[in-house]
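What the coordinates show
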Amino acid sequence: MSAILLSQRCQVLITAVLTVAGAHPSLVPAQETSAPVASATTAIASDVVLEFSFDGSPWRDVIQWLADSSDLALHVGGLPTGSFTYSDSDSFTPQEAIDRVNLFLLPQGFSLVRSGKLLSVINLTDPQSMQQLNALAKLVTVEQLDQLSDHDVVKCIFPLGELDAEDAVEELNALSLMTPPAVFAKTNQLMITDTAGN
């Protein structure tokens, strides 16, 4: 009954696939499936596949589904108004699903930020929420940016060389960054907090 209600409310299809010895669980003989519980749990977590099928679902339900399906704790400081409608026949890993939801949240001034086993909803217009963003966004080097998902929220320090910091900040205004760049005048560097793709 609860599965039917969830399906009606969110219209979400969650598929968990457990691969045991390279085959689908239903195809593995019973004597080969007696693995320790911890191993099975690990395998399930690493093989979770998510599919989107939302039609006018409240944002809270969408984000709660995403956190539950990804086995993450959830902190919500605020949510966009309105609802979420999106269907996709492709399957996504939990991280890919977070990235996909961020495509729709960022234009509304919100972002999902993952830090370890914690998923946080950040209101990019709220000062208190931005303090949390500062604490959650990990500091990375310029060289590490290419290794990250485009939608990972990070802090990165950029040396400006001969470029004037004020000129650099003015140029960056065109990118509509999450936060204004922090200027380190003495070392002529900028720290930018934003998605790795920006």
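Above this text is the structure in question.
In short, a report on the structure. Just so it is clear, the model here is predicted, and its values are computed rather than measured.

Observations regarding the overall build of the protein
Within the protein one finds six helices and eleven strands. Put simply, the protein has 198 residues, and 36% of those count as buried. Taking all contacts inside the protein whose residues are at least 6 apart in sequence as the whole, residues at least 24 apart take part in 56%. Total accessible area on the protein is roughly 11,600 Å²; 54% of this is exposed by carbon and sulfur atoms.

Re the sheet that holds strand S8 (residues 138–140)
Pairing is mixed across the open sheet formed by four strands, whose spatial order is S8-S9-S11-S10. Because the sheet does not close on itself, it has two edges, and the strands there are S8 and strand S10 (182–184). Here the average twist between neighbouring strands, direction ignored, is 25 degrees. Helix-sheet contacts for helix H6 (residues 165–172) involve S10 and strand S11 (189–195), and the interaxial angle to S11 is about 15 degrees.

Overview of helix H3 (residues 59–69)
When you tally the buried positions in H3, you get eight out of eleven residues, the bulk of the element. The complete set of buried residues in H3 reads Trp59, Asp61, Val62, Ile63, Trp65, Leu66, Ala67 and Ser69. Where H3 terminates, the next one or two residues include Asp71, which has phi positive at roughly 60 degrees.

Some points on the packing of H3 against helix H4 (residues 94–105)
Their axes nearest at 11 Å, the elements H3 and H4 cross at an angle of 160 degrees. Our classification of the angle between H3 and H4 gives roughly antiparallel. As for the relative orientation of H3 and H4, their crossing is left-handed in sense. Contact with H3, carried on its side by Trp59, Ile63 and Leu66, involves Pro94, Ala97, Ile98, Val101, Phe104 and Leu105 of H4 and no other residues of that element. Here the residues of the contact of H3 with H4 are counted per class, giving nine nonpolar, no polar and no charged.

The rules we used
- Residues numbered from 1 in each chain as written.
- Predicted model: local features only at pLDDT ≥ 70, side-chain atom pairs only at ≥ 80, totals over all residues.
- Heavy atoms only, no water.
- Helix = DSSP H or I, 4+ residues; strand = E, 2+ residues; numbered from the N terminus.
- Buried < 20%, exposed > 50% of the residue type's maximum accessible area, 1.4 Å probe, protein only.
- Contact = heavy atoms within 4.5 Å.
- Areas by Shrake-Rupley, 256 points an atom, 1.4 Å probe, with all protein chains shown as cover.
- Pairing = 2+ DSSP bridges.
- Axes fitted to C-alpha atoms, helices over the stretch in contact; angles between N-to-C directions.
- Parallel < 35°, antiparallel > 145°, perpendicular 65-115°, else oblique.
- Left-handed = near helix turned anticlockwise from the far one by under 90°.
- Nonpolar A, V, L, I, M, F, W, Y, C, P; charged D, E, K, R; others polar.

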